[in-house]
Amino acid sequence: MRIWIKDPLAILAADAARGLVVEGTRIVELVAAGGAPSAPVDVEFDASRHVVLPGLVNAHHHFYQTLTRAHPSAINRELFPWLSALYPIWARLKPGHLRLAVRLALTELMLSGCTTAADHHYLFPPGLENAVDIEVEEARALGIRMTVTRGSMNLSEKDGGLPPDSVVQDEETILADSERVLKLFHDPKPGAQIRIALGPCSPFTVGKRLMSESARLAERYDCQLHTHLCETQDEERFCLDMYKVRPVDLLEETGWMSKRTWLAHGIHFNSEEIGRLGRAGVGVGHCAASNMVLASGTCRTCELEAAGATVGLGVDGSASNDSSNMMEAARHALMIGRLRYGASAITHLDVLRWGTEGSARCLGRDDIGRLAPGLEADLALYTLDEPRFSGAHDPLAALVLCGAHRADRVMIAGRWRVVDGAPADFDLGELVAAHKAAARDFA
Ligand SMILES: [Zn+2]
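What you see as residue numbers is a count from 1 along each chain, following the sequence as written. Only residues with pLDDT of at least 70 are given local features in this predicted model, and only at 80 or more are side-chain atom pairs given and counted; all residues enter the totals for whole chains, interfaces and linings. Working from all heavy atoms in the structure, the side-chain values ignore hydrogens and water.

### A look at empty space enclosed by the protein
Space inside and on the surface of the protein is sampled on a 1 Å grid over the protein atoms alone, with a cavity defined as a set of points where a 1.4 Å probe fits but cannot get out and a pocket as an open set with protein on both sides within 12 Å along at least 5 of 7 lines; lining residues have an atom within 4 Å of a point. Grid points are joined across faces, edges and corners, and a volume is the space filled by probe spheres set on the points. On inspection of all chains with the given rule, the structure shows 1 cavity of 30 Å³ or more. Roughly 130 Å³ of internal volume is contained in the largest cavity. Around the largest cavity, the lining is made up of 16 residues, and of these Leu79, Leu83, Tyr122, His228 and Glu231 lie nearest the centre. In terms of residue count, the dominant contributor to the lining of the largest cavity is helix α1 (residues 79-90) (4 residues). Each residue gets one of three labels, nonpolar for Ala, Val, Leu, Ile, Met, Phe, Trp, Tyr, Cys and Pro, charged for Asp, Glu, Lys and Arg, and polar for the others, Gly among them. Broken down by class, the residue content of the lining of the largest cavity amounts to 8 nonpolar, 6 polar and 2 charged. In this text, helices come from DSSP runs of H or I with a minimum length of four residues, and strands from runs of E with a minimum of two, each type numbered from the N-terminal end.

### Some points on the sheet that holds strand β5 (residues 43-46)
Read across the open sheet, the 4 strands follow the order β4-β3-β1-β5; overall the sheet is mixed. Each end of this open sheet is capped by a strand with a single partner; those strands are β4 (26-30) and β5. When the angles between neighbouring strand axes are averaged without regard to direction, this sheet yields 25 degrees. Looking at chain direction, strand β1 (residues 2-6) and β5 are connected through 4 bridges and run parallel. Note on β5: the bridge partner recorded for Trp4 is Glu44. Criterion used throughout: strands pair if DSSP finds at least two bridges between them. Whenever a helix is involved, its axis is fitted only over the stretch in contact; in every case the axis is a line through C-alpha atoms, and angles between N-to-C directions fall within 0 to 180 degrees.

### Examining the sheet that holds strand β6 (residues 50-54)
Strand order in the open sheet formed by 6 strands is β2-β6-β15-β16-β17-β18, with mixed pairing between adjacent strands. Where the open sheet ends on each side, the last strands, each with one partner, are β2 (10-11) and β18 (422-423). Across 2 bridges, the pairing between strand β17 (residues 415-419) and β18 is antiparallel. Bridge pairing in β18 links Val419 to Ala422.

### A closer look at the coordination of the zinc ion
Donor criterion used throughout: N, O or S atom within 2.8 Å of the metal, extended to 3.2 Å for Na, K and Ca. Water excluded; incomplete-looking sites may result. Coordination of the zinc ion by the protein comes from His60 (NE2), His62 (NE2), His228 (NE2) and Asp316 (OD), over a distance range of 2.1 to 2.5 Å. What the 4 donor atoms of the zinc ion show is an angle range of 87 to 172 degrees at the metal, which sorts the shape as irregular. Sequence spacing of the donors to the zinc ion: H-x1-H-x165-H-x87-D. Separated by 88 residues along the polypeptide, His228 in strand β11 (residues 225-229) and Asp316 in the loop between β14 (310-313) and α11 (326-341) bring together distant segments of the chain. Tetrahedral means four donors with every angle between 85 and 135 degrees, whereas square planar (four donors) and octahedral (six donors) require angles over 155 degrees between opposite donors and between 65 and 115 for all others; sites fitting neither are termed irregular.

### With respect to the pattern of salt bridges
Each salt bridge in this description consists of a side-chain nitrogen of Lys or Arg and a carboxyl oxygen of Asp or Glu lying within 4 Å of one another. Applying the stated criterion across every chain yields a total of 36 salt bridges. Residue Asp165 pairs with Lys158 through a salt bridge whose shortest N-O separation is 3.6 Å. We classify Asp165 as partly exposed; its relative accessible area is 45%. Each of Arg26, Arg145, Glu376 and Asp378 takes part in salt bridges that share partners, so that together they form one network. For every residue, the accessible area obtained with a 1.4 Å probe (protein chains only) is divided by the maximum for its type, and the residue is called buried under 20%, exposed over 50%, and partly exposed between those limits.

### Here's the deal with the packing of helix α2 (residues 95-111) against helix α3 (residues 131-142)
With their axes 9 Å apart at the nearest point, α2 and α3 run at an angle of 40 degrees to one another. Accordingly, the angle class assigned to the pair α2 and α3 is oblique. Of the two elements, α2 crosses α3, and the hand of that crossing is right-handed. Contacts from Pro95, Leu98, Arg99, Val102, Arg103, Leu106 and Thr107 of α2 reach α3 at Ala131, Ile134, Glu135, Glu137, Glu138, Ala139 and Leu142. Of the residues in the contact of α2 with α3, the class split is 8 nonpolar, 1 polar and 5 charged. Working definition: roughly parallel below 35 degrees, roughly antiparallel above 145 degrees, roughly perpendicular at 65 to 115 degrees, and oblique for all remaining angles. Handedness of a crossing is defined here by the sense of rotation of the near helix relative to the far one, left-handed for an anticlockwise turn of less than a right angle and right-handed for a clockwise turn. It only takes one pair of heavy atoms within 4.5 Å for two residues to be counted as in contact.

### Comments concerning the nonpolar core
Counting residues in hydrophobic clusters, the biggest one holds 118 residues, and the most contacted among them are Trp90 and Phe269. Looking at which element gives the most residues to this core, the answer is α2, with 10 residues. In plain words, nonpolar cores are sets of buried Ala, Val, Leu, Ile, Met, Phe, Trp, Tyr and Cys residues tied together by side-chain atoms within 4.5 Å. Among the nonpolar cores identified, the runner-up in size contains 16 residues, and Ile3, Val22, Ile27 and Met411 belong to it.

### Concerning the side chain of Thr116
Relative to the assigned elements, Thr116 resides in strand β8 (residues 114-121). Thr116 has contacts with Leu56, Val57, Asn58, Ile144, Arg145, Leu363, Ile368 and Asp378, leaving out every residue within four places of it along the chain.

### As for the packing of aromatic side chains
Aromatic pairs are defined between Phe, Tyr and Trp rings, using the six-membered ring for Trp, whenever the two ring centres lie within 6.5 Å; interplanar angles under 30 degrees are classed as stacked, those over 60 as edge-to-face, and all others as tilted. Under the criterion given, the structure shown has 7 aromatic pairs. Centre to centre, the rings of Tyr64 and Tyr122 are 5.9 Å apart; their planes meet at 85 degrees, and the pair counts as edge-to-face. With Tyr64 in the loop between β7 (56-58) and α1 and Tyr122 in the loop between β8 and α3, the pair connects residues that are 58 residues apart, well separated along the chain. Take Tyr64 and Tyr122: they sit in the same class, and that class is buried. Residues Phe204 and Phe238 carry aromatic rings whose centres are separated by 6.3 Å and whose planes lie at 75 degrees to one another, so their mutual orientation is edge-to-face. Separated by 34 residues along the polypeptide, Phe204 in the loop between β10 (194-200) and α5 (208-221) and Phe238 in helix α6 (residues 233-243) bring together distant segments of the chain. An aromatic cluster is built from Tyr64, Trp82, Tyr87, Trp90 and Tyr122, whose rings are joined through pairwise contacts. By definition, being over a ring means that NZ of Lys or CZ of Arg is both within 6 Å of the ring centre and within 35 degrees of the ring normal. Its end group placed over the ring of Phe124, Arg150 keeps NZ or CZ at 3.8 Å from the ring centre. Directly above the ring of Trp416 sits Arg409, whose terminal nitrogen or CZ lies 4.8 Å from the centroid.

The values reported here are purely geometric and, on their own, carry no functional implication.
In structure tokens, the structure reads:
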């Protein structure tokens, strides 16, 4: 089947004014102005109302947190007290809750134009040992691409960490399960739907040995590594007290300074550390909304890119955003970046690049994130029909500046998964009703 996405209103690709051709799961051709597809097509999709982007890629999330959005116990706090308030509530998470949270979060992301999502799942209370399996099943059912990060916490209050005992596992259990899910689900090949990454949660929730053993496993199974780093000054103080080094030194000591690693947040780096991270090719998932909500600080995106680090975008967990909208993430990155760097340093094209190609590189992928022949056919199409766009002149700039938040169509691996702004294959109302009911268990 060859589909011509024909004559878009605008498209984020050079020399593709007449659109692109999809065959099977891939983009096979860009069609330049005045041109036509080089071979006959089976279907012509009239994209004259649509702005076409590569599918957005979410570099950081905690899907289970969709059940505790805007929670009265946690709102209006900074990270450490916010976490301490939520850990005991999250400890109630059961497999049925997680399944609905994953389905809801993936659907919410997809409706915003996201075609690949990373979830950092680090919560394994007793009974939830198969959390990764649940996430993989849900992603497969929805047809979205996913990097499921097998997260972990093994440093509880009794050992000087932040989380209570009820939500941590021991190192042996974590490493055995990491290997189990890598063997079962990780697909390092181009075009993969499911990849596994390893994600010890943060310096204040895991021990050093778990960091270095995870890095060893990642090398063996060729997967990415992910953790929260330099999110707050509380974290920096914790590292100095506990380990007598700064967070980036901890990363270095545990074998994480490589292209395999992408970090969530990456705010409190000094300039020398930015240079080291850049030389190592580490990725940073910038989570602007969460950083503003928790008043954590501002990621130094421009210096990181200039140093050679990859910048991607994440929405972060739904208890600190509290929505999972990738177009909002791009808009927030532009806004907060301009406060730091001025009006011309960060453009709509920069934040769209971060939310597509940049995030894809964080996840270790070069088969998605751009519109080019040979890449996977993951597309997000937006109309500019809502009142918020009326009178807009540059369609690509309008998506970010006027605040697009819902895609009209989303294609993943050559298949339409969102049609007319709704999931193509299931009823959204039923899902929201079931998810809302599940969330009552966390009141
Ligand atoms: Zn996070």
